[in-house]
Amino acid sequence: MSTQPQVETVSTGADKAKLAVAAVLLVAGVVVFYVLGQRDLWQRVIALLVLVAGAVGVFFTAETGRQLIGFGRESVKEVKKVVWPTRKEAGQMTLYVFAFVVTMALFMFLTDKTLEWVLYDLILGWKR
């Protein structure tokens, strides 16, 4: 069970408006990129980047953006809690995986050849 209480946030009209503005800015960036087709590429790219940066900035001022930032911070905290294997442990586990793969490959090869022999040579009588 989680000890942290679940908090439900109510999306306000202002947050919905911010998300709408962010979406409009994002679409406007793509539209402007193609409308400026006769201009140099660097001008088109700068216009696109400015509008996308504006969309991202507006998004992060909305509650959804703040929740995303909070999620990122919590994720970083959780990653810091991970106990990473030592170099020796990682090497040993890699060798175990390779040994298992080779063993399974050999098993699959032998199973395939056995079934091939039983089916073609014994049952069907197709000698090669």
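Residues numbered from 1 in each chain as written. Predicted model: local features only at pLDDT ≥ 70, side-chain atom pairs only at ≥ 80, totals over all residues. Heavy atoms only, no water.

Identification of the protein chain as Protein translocase subunit secE/sec61 gamma from Rubrivivax gelatinosus is taken from an unreviewed UniProt entry. Under the UniProt heading Subcellular location (unreviewed entry), the note attached to the protein chain is "Membrane". (UniProt positions renumbered as here; feature names shortened; annotations may be inferred.)

Draft legend 1. Looking closely at the overall build of the protein chain. Across its full length, the protein chain holds four helices and zero strands. For the protein chain, the α and β elements follow one another from N to C terminus as α-α-α-α. Relative to the compact-globule value of 14 Å for 128 residues, the protein chain shows a C-alpha radius of gyration of 29 Å, a clear excess of over 25%. For the protein chain, the spread of C-alpha atoms along the three principal axes comes to 75 × 55 × 35 Å. Of the contacts formed within the protein chain by residues at least 6 apart in sequence, a portion of 50% connects residues at least 24 apart. Counting every atom, the protein chain has about 11,000 Å² of accessible surface; 71% of that belongs to carbon and sulfur. If you average the places of the 14 positive and of the 10 negative side-chain charges in the protein chain, the two averages end up 6 Å apart. (Helix = DSSP H or I, 4+ residues; strand = E, 2+ residues; numbered from the N terminus. Rg over C-alpha atoms; globule rule 2.2 N^0.38 Å. Contact = heavy atoms within 4.5 Å. Areas by Shrake-Rupley, 256 points an atom, 1.4 Å probe, with all protein chains shown as cover. Lys, Arg positive; Asp, Glu negative; His and termini not counted. Charge placed at Lys NZ, Arg CZ, Asp CG, Glu CD.)

Draft legend 2. A look at the UniProt feature "transmembrane region" (unreviewed entry) in the protein chain. In this numbering, the UniProt entry assigns the feature "transmembrane region" (unreviewed entry) to residues 20-37, 44-62 and 93-110. Counting secondary structure, residues 20-37 comes out at 89% helix and 0% strand; the distance between its end C-alpha atoms is 26 Å.

Draft legend 3. Broad picture of the packing of aromatic side chains. This structure, assessed with the given rule, holds two aromatic pairs. When the centroid spacing of 5.3 Å and the interplanar angle of 65 degrees are considered together, the rings of F59 and F60 count as edge-to-face. Positioned above the aromatic ring of F33 is the side chain of R44, whose terminal nitrogen or guanidinium carbon lies 4.2 Å from the ring centre. (Phe/Tyr/Trp six-rings, centres within 6.5 Å; stacked < 30°, edge-to-face > 60°. Lys NZ or Arg CZ within 6 Å of the ring centre and 35° of its normal.)

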